[in-house]
Structure formats: structure tokens, C-alpha cells
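Okay, here's what each chain looks like letter by letter:
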Amino acid sequence: MNRLRNIPDKIAAKKKSHFWIFFFVLILLSLAMVYCYLPFIPGHDSYFHFRRLQALMDGIKESPFLIYTDYTAIEGYGYFTKGFYPDFILIPFAIIGNLTNLDFAYHFTVFTMTVLYGVFTYMAVNRIYKSSYAAAISAILYTFALYRLLDVFHRGALGEAISFTFVPLAILGIYEIIKGDYKKWYVLTIAFSLLFFSHALSTLLMFITVVILLLIYYKSMLKEPKRIKYLVIAAIVTIPVISYALFPMIEQLSSNSFYYEMNPLMSMENSLLGTSAIISGLFMGIIYPLRTFTPAIGLLLTCGILLRLFVSGKSARLKSVDIGVIIGLVYVCMSSYWFPWSVFPFNKLGIIQIPWRLYEFASYFFAVAGGYYLALLLKSNLRRLIAGGLVLICTLFVLMNDAKLYHDTRITEDIKREALPENRYHLIGLEYLPVKVPSIEYLIERGDSVKSNHSNISGFGRDKSVITFHADISRVDNLELPLIYYKGYTAKLNGENICVSESGNGLVEIAANKSGNIQVYYGGNNNSETELDNNLTQYPRLMFLYLFIEKKKKSIE
């Protein structure tokens, strides 16, 4: 009996084994999660991200520089998802997909990111609060938080779901600059880069959260001005790191107008939550007062922050946890109808569309609070072990209960895997379709052909992303192709580059002045030194990077 009682003390004494015990439990819970949510039923956006992953898999096969479009989208008209949704994080999973299949790659992405959620949260909390127990509990609570499960399975919002992985790293990065070792500024750069490569809107919200933390802890920065210096370094270095995705996105957004500007899929007003939905969401997970699709914090996280009522004493770490809880509660309130979204500066955040995206960050702060409060309240190793076991059991209940809700609600929706006009070709709201495109119905009626005024077209064909045909030109003619226009298309007439522009219907249009064989494909915007120079002139934001590279070249020479 005494030996059994000594087990918790022996575990606590072996500090080097704490992470590996946690990691083993995390793997088991992640496998349990995968099992509970089988069979897979697509969430709202699942097939959109299936398309993204498939396009990347094809791009890896065809282009070593990953310059590609989803050329199979909308009956072959193409959709440049890559230009607006960064694909960097998905590259290793796309490689795995090419070795296995698309379905395995998608689910392996979800599993891998689930494990990384836990690992990064453990690392961050253990570093900041010096408690492996608080780190383990916080990591479990955050990794299997109800809102994250909703994102991954019910919504199928893979981009936002992946961004959860790097929130703890961003918090750790800003901690190092404000309170810790500011020479580890690169943690913040890495975190924000990975966040941007996952989901641009989550990056924006993380930036706002970091600004709030900087305003709260500004005295620490003023006491040691070097910290401000390293914060600036982290910000400056982040720009070239994310240039792989940032500059193409800026280029596309500044070169055209898209559907999301004129007809957003969701507006702020239509996605706000009622008071009853927010309150009921605080108790969901283990119980469901409403068995419906509702963004929720969940009972486990709610109980975690309520533990504060039993914690006494004062310390800088406890205060920081309390501040996180307050920020989280404000974020929850911001998802409601009665929050003043119409008042400045909140009216400038309409781009986020869905205010309850803030639950991602509230969930993190609440999870850390639950883990830290529990660590303060429980002094004996035996009690900590028992409480940890109860957290694991409750987490399993959440997984099973939410998986039941997932299957009950999603099974009622007949979502065909095949991309069809009625499901908008699994492109959600077609947000990144140029506004000049009349409609997808127009594209279907137009058909897969080249439209011309004075030319005879023959030999039209497609080889994956490349269109080829022969044109007999009687006089200078504008040819409209069955391709949606995005900046970066290349057209060649008898092997020579010719001008590409956007037609009045938002499609690729080329000007031909002689007969010959024409080849058209998406080749990106940096195919030659002349074109690169033009881009740098058109987009001054790229100039500093260009000058930096040139300076390095000269120093090497």
C-alpha cells in the first residue's frame, strides 16, 4: 500500500520524465479523438481544404517552385486558392499525400497538428510558469478544447484549426521579449510566420492580442529599452520570412477586385451570438443544453477558470494568468450582439467576419488558467495525479459526447464529394472570384472554348494546367479563354510572349496579331528580370527586400 502511495512522489521526482509521460498521454488522447470522430463526415469547409491539398499535391508533381493554380476548379476555369490561402504548412502533408492518397494526408494533418497543439502548449506554459503539471493540464485542456473540436470537425475549417498550433508559440515569443530572454526574439518571428502560413485572419487576431499584452506590460519594455529593440527586430525579420505568401497575396489583392469585397460570405451582424448561446456554450461539452451547432467554450474550461475562487495569495505569475482570463472573457463578450462593433475602432475589424473566432484565444487563456490554478490548489503529488486522471476522463467524455453531436448533426446534411454547381464546386462563397465574372452559371453556359471576333480556332486542348490551340488570325484580335483571370498568367504565340489581360467577363484575354500556335498557363509574376523590375516598381513594399538582396550580393562580391 505504501508503495502505491509513493508512486506519485517517484513520478514527481523524475522531472526529466514529465514531458514524456505527458507526450504518451497526448498521443493516446489524439488517437482516441480520431477514433471517436469516425466515420468521417465532411464539415462545412472540409472539401474546400481537400481541394487545396489536392491542388498542392498536383503542384508538387508539376512545378518545383510550387507555382500552380487549382486548374480543375469550376469546370477547368481554375481558381487561384494558393494566392489567398498560404500552403506552406501543408507542403509536407501534400508530399505524404502523393505517396499515399488525399484522404490519408488530410486526416494525418489533423492528427499531427493535434499532437503539436499539445507539445507547443506544454513548452510555452512550462517555460513561463515553471510547472510541468500546470503545463500538462493546460495542454490537454487547450488541445481538446470544444471550440477547437468544432473548428476541426464540425466546420472543417482546416486553416483556422491549424493556426491553433502556433498560438502558444506566439505567447511564448512575446513573453521572452517582455519578461524573459529577449535574445530569443526569433520565437516570436517563427510563431507569427507559421501563423500567417496557416491562416491570415488568425494572424491578425493574434497581432491584436500581442498589442494588448504589450500595452499591459509596457513598463517592462520601458525599463529595458533593449526589449523594444528586439521586438522591432522580430517584426522586421518576419516580413521577408513570410514573403513567400505575403507578397503574392498583396499582388493579387491590389491587382483586382474580388467577390469577397462586394458580397462577403458572412457579415459581422449575421454571425454575432445571442446571450443565451454564449451562456449555454459555457456549459457544453460534457452536457448539451442545446444539441445544435453552437460555438462554445465548454464546461471544462469554464470550471477551470472558476477554480480561481479557491486560490489565495499573490504573485506575478498568478496576476499574469488572471490578466489572461480577463482578456479571454472580453473576447467571449465580443462575440455577442450587445458588443459595440459599430463603434470605432471595432468597426474597422469587419474583415474577421466571425467575431467568435476570438474563442481560439479565449480557449488558450482559459486552458492555461485551469492548469495553473489547479497546480496551485493541489500540493500533494497524489492529489495532483488523481486530479490529472479526472481531467483525462472528462476530456474523453467531451470527445465522445461532441463526436455524437457531430455525427447527429452532420449526417443530416447531404454533402456530395463531387464538385458540382449546386455546392459551388466546394469553393465555399467563391470569395476570390474576380468581380467581373458574372456568375458560375455564366461560366457553365459559356463552355470550354475560346471566344474570338475575327479568328478561327482549332486544336483546342488542355494538358492539366496548360491550354493549347491554333488561331488563324485575319487581323489583330482579342481572344477570351476559358480561364478565370489572376495576375500571373503567361501566354505564348509561336513561342514568343504575348500580352495577357482581364476580359470584361473576368477571364484571361490575350491579344494576337498573327496566326500560330498559342500556349497559355499560370507561370507566376517573376518569370524574367524585366517582369521582376516592373513588379518592384508597382509594389514599393517589395523594394526593401530587393535592395537588401542586392546589398548582400555586392558584399559577397
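Please read these numbers as outputs of a predicted model, since none were measured by experiment.

Chemist: Looking at this model, I keep getting lost on the packing of helix α2 (residues 18-36) against helix α7 (residues 132-143). Mind explaining?
Modeler: A pair of packed helices is captured by two measures, namely the crossing angle of their axes and the spacing between those axes. Interhelical geometry of α2 versus α7 gives an angle of 15° and a closest axis separation of 10 Å. With respect to α7, the element α2 is oriented roughly parallel. Classified by chirality, the crossing of α7 by α2 is right-handed. Of the residues in α7, those in contact with H18, F22, L26 and L29 of α2 are S132, A136, A139, I140 and T143.

Chemist: Looking at this structure, how should I read helix α11 (residues 186-198)?
Modeler: Since the α-helix packs 3.6 residues into each turn, any two residues three or four apart lie on the same face. Helix length check: α11, at 13 residues, gives a terminal C-alpha distance of 18 Å against a target of 18 Å (1.5 Å per residue), a fit within 8%. Most of α11 is tucked away: 11 of the 13 residues are buried. Along α11, the positions that sit buried rather than exposed are V187, L188, T189, A191, F192, S193, L194, L195, F196, F197 and S198.

Chemist: Just checking my understanding: could you explain the confidence of the model for the protein for this structure?
Modeler: Should pLDDT be low for a region, the predicted coordinates there are not to be read in detail. Averaged over the protein, the pLDDT score is 88; the fraction of residues at 70 or greater is 90%. Considering only residues more than four positions removed or in separate chains, one finds that residues 527-557, a stretch of pLDDT under 50, has 26 contacts.

Chemist: Any chance you could explain a nonpolar patch on the surface here in plain terms?
Modeler: Residues L382, I386, L390, I393, L396, F397 and M400 make up a contiguous nonpolar surface patch of about 640 Å² in total accessible area. Note on placement: L396 falls in helix α21 (residues 381-410).

Chemist: Please explain the pairing of strand β1 (residues 455-463) as it appears in this structure.
Modeler: One ladder, built from seven bridges, connects β1 with strand β2 (residues 466-473); its direction is antiparallel. Across the sheet, residue S458 finds its bridge partner in β2, namely H470. Where β1 folds back on β2, the antiparallel hairpin that results is connected by two residues, among which K464 adopts a positive phi of roughly 60°.

Chemist: Looking at this structure, I do not really get a positive patch on the surface. What am I missing?
Modeler: There is a patch of like positive charges on the surface, built from K179, K219, K223 and K319. Examined against the element boundaries, K219 turns out to sit in helix α13 (residues 218-223).

Cut-offs applied
Residues numbered from 1 in each chain as written. Predicted model: local features only at pLDDT ≥ 70, side-chain atom pairs only at ≥ 80, totals over all residues. Heavy atoms only, no water. Axes fitted to C-alpha atoms, helices over the stretch in contact; angles between N-to-C directions. Helix = DSSP H or I, 4+ residues; strand = E, 2+ residues; numbered from the N terminus. Parallel < 35°, antiparallel > 145°, perpendicular 65-115°, else oblique. Left-handed = near helix turned anticlockwise from the far one by under 90°. Contact = heavy atoms within 4.5 Å. Expected span 1.5 Å × (residues − 1). Buried < 20%, exposed > 50% of the residue type's maximum accessible area, 1.4 Å probe, protein only. pLDDT = per-residue confidence, 0-100. Patch = residues over 30% accessible without salt bridge, like charges linked within 9 Å, V, L, I, M, F, W, Y side chains within 5 Å. Areas by Shrake-Rupley, 256 points an atom, 1.4 Å probe, with all protein chains shown as cover. Salt bridge = Lys/Arg side-chain N within 4 Å of Asp/Glu carboxyl O. Pairing = 2+ DSSP bridges. Lys, Arg positive; Asp, Glu negative; His and termini not counted. Charge placed at Lys NZ, Arg CZ, Asp CG, Glu CD.

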